[in-house]
2 protein chains.
Amino acid sequence: MRDREETRGKILEAVGKILAEDGFQGIGINNVSRKAGVDKVLIYRYFGDLPGLLREFASNGDYWPSMKTLIEDAENAEKAPFPLEASDLAIALLKGYIRELGSSNSAQELLLGELISRNELSAVSAERRERQGADLIEALVRTAPEAGKIDAAAMAALLSAGLTYLMLRARTSDAYLGIDIASEGGWIRIEKAMEDLVRGVFRASEMDDEQSQDRRPQ
Amino acid sequence: MRDREETRGKILEAVGKILAEDGFQGIGINNVSRKAGVDKVLIYRYFGDLPGLLREFASNGDYWPSMKTLIEDAENAEKAPFPLEASDLAIALLKGYIRELGSSNSAQELLLGELISRNELSAVSAERRERQGADLIEALVRTAPEAGKIDAAAMAALLSAGLTYLMLRARTSDAYLGIDIASEGGWIRIEKAMEDLVRGVFRASEMDDEQSQDRRPQ
DNA sequence: ACCTCCTGTCACCGGTTGGTGACATTTTAA
DNA sequence: TTAAAATGTCACCAACCGGTGACAGGAGGT
């Protein structure tokens, strides 16, 4: 009742809870204070204003699933019987991304919020994820150098963007372009399509190598 | 001043204007009435309530760029010197989609609105576009039957979803996964990546054909 | 001329938003 | 013990939201 840090904690906790339950748009001074069981004037005292609260939440909260485990999982899988091809690694990363994103409502809300408006929370979270994404690409090219021949970043961007959109879309629609994105079966089709696209582009790049230059590296 | 139809027209027109200028979230009774120069009570009289207004607007307005011209353009291009491959047609369609979507702020707002919430407007527009999308896939498979061997719908869904997300994302962010989606150069990379992915998967599907069965159709 | 219906105008409702000033209580330091 | 500073409480603000009731004026039909 008289502990500043505890009160601050309850407020930040409430922000996280609202983000996960009510969604990004539910985050407001009145709603947060109500959910935290705290007078809203304390929010102003401790965080300045709403943007300040969001800024604080963005830099402290662990609202985004760790991409580190995603990379580690994929790199561990690389130590499988025979070395994975770049395509396998890329596919593993993208499938991991689907899994992580699909299981975190907060992450989905955050991504949605980033689309809707620029604000303190979305700016910080976007910037943080941007860094993680760069790490991901870097990890891909590092462990599978042949991925460097193609514009892996642009393809990863396009495919992960597609997966992201379909994930967000499934929240309000059942179908997209005839695909039943609300069902398990629809997502199996999407994963398969993603897999075929990735494999196809790597195989095509190999073919081009054989045609254009006779000696192949390694 | 005493013409019901004219007033109705001004109201619907204002909805379209708000959609294009202020965005989806700006559509509200008070805002519409202000923009239309009409007392808001008339909106209630002529359209019932806000959902009713949106329903009316959704079924009358031409807020979505015509996909028909998109298909026709692609099919006319098919009458080029030598018949286009399925991959060329698919790429042409997707590039057309980028062009159409990129030039229509209303369309972008509508897509954003569909992500945010289910309401009368987003429901109708989503359903209408769903039909157009099915036409698109149908046109693709019709003019290029070899596309039927792969899950063209799932791939089209994934790729167009990716393009859509990046387009919406560019409204609030400058970069995505290191790609500068706010610049022309970034979009050239994205288009190129999309092209490589599509070509790759078609070529891979041809290779599989040659391996699995010796006689190829046509 | 009368009455009715339709169009348009205006003031108002309860509820929400982000934000502030004044004050009581508690904790801490001198 | 006393004074200052931090913490918590409450009432209030203007601006907005979607929605409604009452009323004025004009048009058409009888």
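For every chain, the first residue of the written sequence is number 1, and numbering continues from 1 onward in sequence order. Whichever chain is written first becomes A and whichever ligand is written first becomes 1, with later ones labelled in order. With pLDDT at 70 or above as the cut-off, local features in this predicted model cover only qualifying residues; side-chain atom pairs require 80 or more to be listed or tallied, and sums for whole chains, interfaces and linings still use all residues. Note that water and hydrogens are dropped before the side-chain values are worked out from all heavy atoms of the structure.

*Asks:* Sorry if this is basic, but what is going on with the interface of chain B and chain A here?
*Replies:* Often, the extent of an interface is quoted as the loss of accessible area upon association of its parts. By definition in these notes, contact holds between two residues if any of their heavy atoms fall within 4.5 Å. At the junction of the two partners, chain B supplies 51 residues and chain A supplies 51 residues. Between chain B and chain A lies a buried interface of about 4600 Å² when both sides are counted; carbon and sulfur atoms form 64% of it. By definition, a salt bridge exists where a carboxyl oxygen of Asp or Glu is found within 4 Å of a side-chain nitrogen of Lys or Arg. In this structure, the connection of chain B to chain A is made through four salt bridges. The salt bridge partner of R169 of chain B is E114 of chain A, with a shortest N-O separation of 2.6 Å. The term polar contact refers here to a pair of N or O atoms within 3.5 Å; inside protein, the definition further demands a hydrogen-donor-capable atom paired with an acceptor-capable atom, and it admits residues adjacent in sequence only when both atoms are side-chain atoms. Applying the counting criterion to the chain B and chain A interface returns 14 residue pairs in polar contact (both at pLDDT 80 or more). Only DSSP runs of H or I reaching four residues or more are called helices, and only runs of E reaching two or more are called strands; each is numbered from the N terminus. Those elements giving two or more residues to the side of chain B that touches chain A turn out to be α7 (105-116), α8 (120-143), α9 (152-169), β1 (175-176) and α10 (184-212) of chain B. Tallying contributions element by element places α9 of chain B first for the side of chain B that touches chain A, with 16 residues. Three categories are distinguished: nonpolar for Ala, Val, Leu, Ile, Met, Phe, Trp, Tyr, Cys and Pro, charged for Asp, Glu, Lys and Arg, and polar for the others, with Gly belonging to the last. Here the side of chain B that touches chain A is built from residues that sort into 31 nonpolar, nine polar and eleven charged. Summed over both partners, the accessible area (1.4 Å probe) lost when two parts come together is defined as the buried area.

*Asks:* Which parts of the structure should I look at to understand the confidence of the model for chain A?
*Replies:* As a general rule, the predicted coordinates of low-pLDDT regions are not to be interpreted in detail. All names here are of chain A. Mean pLDDT for chain A: 87, with 89% of residues reaching 70 or above. In predicted models, pLDDT denotes the confidence assigned by the predictor to each residue on a 0 to 100 scale. Helix α5 (residues 67-78) is the least confidently modelled element of chain A, averaging 70 in pLDDT, while helix α2 (residues 29-36) averages 98, the highest of any element. Below a pLDDT of 50 lies the segment residues 214-218, which in the model reaches one contact outside its immediate sequence neighbourhood of four places, other chains included.

*Asks:* What is the right way to look at the packing of helix α7 (residues 105-116) of chain A against helix α9 (residues 152-169) of chain A in this model?
*Replies:* When two helices pack together, their arrangement is captured by the angle between the axes and the distance separating the axes. Residue and element names in this part refer to chain A. Axes here refer to lines fitted to C-alpha atoms; in helices the fit is confined to the stretch in contact. Angles between the N-to-C directions go from 0 to 180 degrees. Contact geometry of α7 with α9 gives a least axis separation of 10 Å together with a crossing angle of 105 degrees. Considering the angle they form, α7 stands roughly perpendicular to α9. Contact residues: Q108, L111, L112 and L115 in α7; T164, M167 and L168 in α9. A per-class count over the contact of α7 with α9 returns five nonpolar, two polar and no charged. An angle counts as roughly parallel when it lies under 35 degrees, as roughly antiparallel when it exceeds 145, as roughly perpendicular when it falls between 65 and 115, and as oblique in every other case.

*Asks:* What should I look at first to understand the relation of the copies chain B and chain A in this one?
*Replies:* Mapping between the two copies of the chain is achieved by a rotation about an axis and a shift along the axis. Note on the identical chains: chain B maps onto chain A by a rotation of 180 degrees and an axial translation of 0.0 Å, with an RMSD of 0.1 Å. Viewed as a symmetry operation, the transformation between the two copies matches a two-fold axis. The position closest to the rotation axis in chain B is occupied by the C-alpha of G162 of chain B, lying 1.6 Å away. In this assembly the copies share their binding face: 100% of the residues contributing to the interface of chain B also contribute to that of chain A. We place the copies in one frame by least squares, fitting the C-alpha atoms of every residue whose pLDDT is at least 70 in both.

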